[in-house]
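This is what each chain is made of:
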Amino acid sequence: MSGIYVHIPFCKQACHYCDFHFSTSFGKKDLMVAAICREMELRKEELPAQNVETIYFGGGTPSILNIADIEQILDQVYRHYKVSSDPEITLEANPDDLSGLKLGQLSGSSINRLSIGVQSFYDEDLSLLNRVHNAWEAAECIGAAMTYFKNVSIDLIYGIPNLSNERWLDNITRALSFKVPHISSYALTVEPKTALKKFIAEGILPDVDDEQAEEQFRLLAAHLEKEGFIHYEISNFGKPGYFSKNNTAYWQGKPYLGIGPSAHSYTGPTRSWNCSNNMKYIRTIGLGLLPSETEVLSQDDRYNEFVMTGLRTMWGISLTKVRTGFGVDCYNHLMKESQKHIEKQLLIRERDTLLLTKKGKFLADGIASDLFMVKLN
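Since we're looking at a predicted model, the values are computed, not measured. (Residues numbered from 1 in each chain as written. Predicted model: local features only at pLDDT ≥ 70, side-chain atom pairs only at ≥ 80, totals over all residues. Heavy atoms only, no water.)

Caption draft 1: Structural detail: the packing of aromatic side chains. Taken as a whole and assessed by the stated rule, the structure comprises 14 aromatic pairs. The interplanar angle of 20° and the centroid separation of 6.0 Å between the aromatic rings of Phe121 and Phe178 together place this pair among those described as stacked. A residue pair is termed long-range when its members are at least 10 positions apart, and Phe121 in the loop between strand 4 (113-119) and helix 4 (123-129) and Phe178 in the loop between helix 6 (165-177) and strand 6 (182-187) qualify at 57 residues. Its relative accessible area of 2% is what places Phe121 among the buried residues. Aromatic side chains Tyr232 and Trp315 sit 6.5 Å apart centroid to centroid with 65° between the ring planes, which places their arrangement in the edge-to-face category. Of this pair, Tyr232 sits in strand 7 (residues 230-233) while Trp315 sits in the loop between helix 11 (299-311) and strand 13 (317-318), and the two are 83 residues apart along the sequence. (Phe/Tyr/Trp six-rings, centres within 6.5 Å; stacked < 30°, edge-to-face > 60°. Helix = DSSP H or I, 4+ residues; strand = E, 2+ residues; numbered from the N terminus. Buried < 20%, exposed > 50% of the residue type's maximum accessible area, 1.4 Å probe, protein only.)

So this is what it looks like as structure tokens:
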């Protein structure tokens, strides 16, 4: 099994918290779509004899593409790769792009899953984040999307400055009212070189309150699990049968191909990434070359990634796989370093598996870093 990720590097405007690669100028969109299609052709030998089970349009804002653009890219996937008979094909979308006409067009295409970037049902939060859509558009588009698509996910953000627990609970309630089968929710992170970072540094906005973010994470998990959602990954909740196949493949270490500027690819032994410059990407692809760099992952790198991704999921870290796949030294290191977190009731060992407790889930990244193999120079 493998997947293909397509990065669409365009957005109508910059969200204050975003550090992904994108441009707000659409003048080169047609050239970009052509380059993305050409990159697939240049890399058609990279997934030999592997079924492509997932195709994911991310960004940026893929929903700014028209239906002809989307079908052109999908045609290239099917032309150059072996695609399974029933792939999961996801389009990330912003509410302001999902008109009734656009939803009708998408439902008539091969797209079978929508991931809608709602973030909040309150205009105050959306304005702070500099989202293009408003709360009314968010609610309208979800209701409409559910009439066209069975598999719809929405994104929410918690830990926003000035977001009270009461308003956060109302966001959760509103999300549940649409009967969507999947919700992804992320703590607001203050990334370097973002407008949010600048506003906090200048005192325009208060800093993110980690304690409140943790409390809102626990409120989210409790409410969604009560409604029948399975907390299958730290930031992801799905009804049975509606887990994201694309993201699950990432966390389980399956190979994937990243197409487009800034996109990353993973084979297991190697990781590669494309340049984060639209014109350089277009020019290089036009010369029949790949604008990418590749690194060969060491055993410690692969162990660290296995620990980080496994720990975030409901499936945890297989101790047998650590021992057989990475050796006795990694296994002994994991057993030693995990003990203090077990004693703090942040981790639990169930037979062959190391899992986060409910208490430990919000601290997943810090716990994972403690379990990493780090070579001291």
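Having seen it, we continue.
Caption draft 2: Geometry of the environment of Ala195. Along the chain, Ala195 turns up in helix 7 (residues 195-201). Measuring from C-alpha to C-alpha, the distance between Ala195 and Ala14 comes to 8.9 Å, with 181 residues separating the pair along the chain.

Caption draft 3: A look at the nonpolar core. If you look at the biggest cluster of nonpolar residues, it comprises 95 residues, and the most contacted ones within it are Phe57, Ile73, Ile111 and Leu114. Each residue touching Ile111, except ones within four places of it in the same chain, is listed here: Phe57, Ile70, Leu74, Ile89, Leu91, Leu106 and Phe149. (Core = buried A, V, L, I, M, F, W, Y, C linked by side-chain atoms within 4.5 Å. Contact = heavy atoms within 4.5 Å.)

Caption draft 4: Fine view of the pattern of salt bridges. Applying the stated criterion to the full structure yields 17 salt bridges. The salt bridge involving Arg38 is made with Glu41; its shortest N-O contact spans 3.2 Å. Of this pair, Arg38 and Glu41 both sit in helix 1 (residues 29-42), 3 residues apart, which is roughly one turn of the helix. Judged by relative accessible area, Glu41 falls into the partly exposed class, the value being 33%. Among the ionic pairs, Glu124 bridges to Arg167, the shortest N-O distance being 3.4 Å. Of this pair, Glu124 sits in helix 4 while Arg167 sits in helix 6, placing them 43 residues apart in sequence. Judged by relative accessible area, Arg167 falls into the buried class, the value being 13%. Members of the salt-bridge network, linked through shared partners, are Lys12, Asp96 and Asp97. (Salt bridge = Lys/Arg side-chain N within 4 Å of Asp/Glu carboxyl O.)

Don't take any of this as a statement about function, it's just geometry.
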